[in-house]
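Topology and contacts: notes
So the chains spell out like this:
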Amino acid sequence: MSRTYRIAAIPGDGIGTEVIAAGIEVLEALAERDGGFRLAFDHFDWGSDYYRRHGVMMPEDGRERIKDHNAIYFGAVGAPDVPDHVTLWGLRLAICQPFDQYANVRPTRILPGITSPLRGVTGPELDWVIVRENSEGEYAGVGGRVHRGLPEEVATDVSVMTRAGVARIMRFAFRLAQSRPRKLLTVVTKSNAQRHAMVMWDEIAAEIAAEFPDVTTDKMLVDAMTMRMTLKPETLDTIVATNLHADILSDLAAALAGSLGIAPTANLNPERRFPSMFEPIHGSAFDITGRGIANPIGSFWTATMMLEHLGEPGAGARLMRAVERVTADPSLHTPDLGGPATTRQVTDAVIQAIRGDNS
Ligand code: IPM
Ligand code: MG
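Criteria and thresholds
Residues numbered from 1 in each chain as written. Chains lettered and ligands numbered in written order. Predicted model: local features only at pLDDT ≥ 70, side-chain atom pairs only at ≥ 80, totals over all residues. Heavy atoms only, no water. Domains from an automatic or database assignment. Contact = heavy atoms within 4.5 Å. Buried area = accessible area lost by both parts, 1.4 Å probe. Salt bridge = Lys/Arg side-chain N within 4 Å of Asp/Glu carboxyl O. Buried < 20%, exposed > 50% of the residue type's maximum accessible area, 1.4 Å probe, protein only. Helix = DSSP H or I, 4+ residues; strand = E, 2+ residues; numbered from the N terminus. Pairing = 2+ DSSP bridges. Right-handed = clockwise from strand over helix to strand, strands pointing away. Axes fitted to C-alpha atoms, helices over the stretch in contact; angles between N-to-C directions. Near = heavy atom within 4 Å. Polar contact = N/O pair within 3.5 Å; in protein donor to acceptor, adjacent residues only side chain to side chain. Nonpolar A, V, L, I, M, F, W, Y, C, P; charged D, E, K, R; others polar.

A word on the domain arrangement of the protein chain. When the parts come together, some accessible area is lost, and that loss is often what is quoted as the size of the interface. The domain boundaries assigned to the protein chain delineate domain 1 (1-106 + 261-359) and domain 2 (116-141 + 157-257). Look at where the C-alpha atoms of domain 1 and domain 2 centre, and you get two points 25 Å apart. Contacts between the two partners involve 17 residues from domain 1, matched on the other side by 19 residues from domain 2. Taking both partners together, domain 1 and domain 2 bury about 1,400 Å²; carbon and sulfur atoms supply 56% of that area. On the domain 1 side of the interface with domain 2, the three residues burying the most area are Tyr 102, Asn 104 and Arg 106, jointly 46% of the side's total. Taken together, the links from domain 1 to domain 2 amount to 1 salt bridge. Across the pair Asp 100 and Arg 168 runs a salt bridge whose closest N-O atoms are separated by 3.0 Å.

Shown next, in the form of structure tokens:
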């Protein structure tokens with residue numbers, strides 16, 4: 001009897017629809033090749049078009065409709081004519097936060113055939129996983145505006161850190177660091193300037209470190225971290241940072257690894273009380289939407305993370321092998337990587353590599 005996983009597909013906006021369609025084709029080829037499991041996709045047309053028609057990014061009972069799925073496969077949100085904070089809070093954060101997907105995991109590697117903008121860095125020197133706190137901090141949504149439009153207008157965005165929230169992300173990051181060969185965790189902070197929450201962040205990191213004596217840790221101020229990532233990438237392995245710091249550092253990481261078009265992410269509820277959500281990092285990219293040239297590799301890599309989470313690591317590894325065979329061939333690179341290939345060509349090549357993989 002084959003195992004069946006129910007996946008909620010939310011392609012969203014822009015190239016999200018193109019790369020999720022490509023990802024679903026690849027996942028279906030993978031399930032067929034594997035034989036041991038099935039994926040049943042339910043499609044949800046939530047996003048900016050839905051907003052234009054209904055005034056909301058997703059229906060009121062949206063979360064109810066996806067809460068029993070085994071995973072969410074998400075494309076991107078964002079449209080030129082809808083304010084970014086509306087699209088973000090109306091859909092992506094409206095899923096991440098109530099589903100308590102507090103651990104955002106962002107692996108970065110230089111895949112075969114891809115050139116890093118860093119001189120002399122070819123691959124093994126850059127192999128990181130960024131763990132982003134995904135439920136509070138600078139994205140807590142606390143703040144407000146008063147005296148709107150008047151000269152005395154005041155606006156605040158308050159970063160909120162809780163002991164429980166910091167402890168759980170630290171523990172998650174230490175466990176992940178422990179599972180990787182180097183057992184090395186860098187804790188990113190800004191406790192020199194921010195003397196309350198960031199100092200608590202450091203203290204909790206030190207407390208949790210005592211539970212993981214076999215993991216080496218070090219502490220980096222976020223500004224200095226950008227230099228270390230650029231100048232000494234080989235000194236880093238697992239990285240934990242606040243919501244906003246990790247948001248910024250993960251774009252830098254993606255650029256250093258060759259392209260934002262490749263970078264995957266998993267929004268995890270590690271306790272599995274709610275479904276976790278898997279998405280490429282790149283966003284909706286309206287400048288290239290509809291041209292058939294979006295890089296689907298980010299959504300494929302994301303799919304490997306989803307398969308691991310579902311308990312199908314063998315299929316995840318097979319997909320990653322297929323992805324790496326395809327990236328190794330520069331004629332199969334999309335324009336973001338300087339190549340001539342289309343989304344269709346890359347997708348077909350990955351499907352072919354899956355079918356031909358006999359290991
Ligand atoms: C990311 C993105 C989002 C974020 C945007 C779309 C709001 O940049 O996933 O990194 O800041 O969380
Ligand atoms: Mg970002």
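On we go.
On to the pairing of strand 8 (residues 184-189), then. Among the 6 residues of strand 8, 6 are classified as buried, and the element is accordingly described as predominantly covered. Alternating positions in strand 8 separate into two faces, Leu 184, Thr 186 and Val 188 on one and Leu 185, Val 187 and Thr 189 on the other, with burial throughout. Here strand 8 runs beside strand 9 (residues 216-221); their pairing, made up of 6 bridges, is parallel. What sits directly across from Val 188, in strand 9, is Met 220. For the segment spanning strand 8, helix 6 (residues 197-209) and strand 9, crossover handedness is right-handed. Summarising the sheet, strand 8 and strand 10 (residues 238-241) pair through 3 bridges and their orientation is parallel. Each residue of the ladder has a partner; that of Val 187, found in strand 10, is Val 240.

Attention now moves to the sheet that holds strand 10. The strand order 2-1-3-12-11-4-5-10-8-9 describes an open sheet built from 10 strands, whose pairing is mixed. For this open sheet the edge positions go to strand 2 (37-43) and strand 9, each flanked by a neighbour on one side alone. The mean angle between the axes of side-by-side strands here comes to 25 degrees, regardless of whether they run parallel or antiparallel. Two strands pair when backbone bridges link them, and strand 1 (residues 3-12) and strand 2 are joined in this way by 7 bridges, in the parallel orientation.

Taken together, the neighbourhood of ligand 1 is formed by Leu 88, Arg 92, Arg 106, Arg 132, Tyr 139 and Asp 247. Note that an oxygen atom of ligand 1 is positioned 3.2 Å from one of the side-chain N or O atoms of Arg 92. Between an oxygen atom of ligand 1 and a side-chain N or O atom of Tyr 139, the distance comes to 2.6 Å. Per-class residue counts for the shell around ligand 1 are 2 nonpolar, no polar and 4 charged. There are two domains that each give the shell around ligand 1 at least three residues, and those are domain 1 (1-106 + 261-359) and domain 2 (116-141 + 157-257).

With that settled, the discussion passes to the side chain of Ser 284. On the secondary structure map, Ser 284 appears in the loop between strand 12 (276-280) and helix 9 (297-310). The exposure class assigned to Ser 284 is buried, which follows from its relative accessible area of 10%. Once residues within four sequence positions are removed from consideration, Ser 284 is found in contact with Asp 13, Gly 14, Ile 15, Ala 76, Val 77, Gly 78 and Thr 289.

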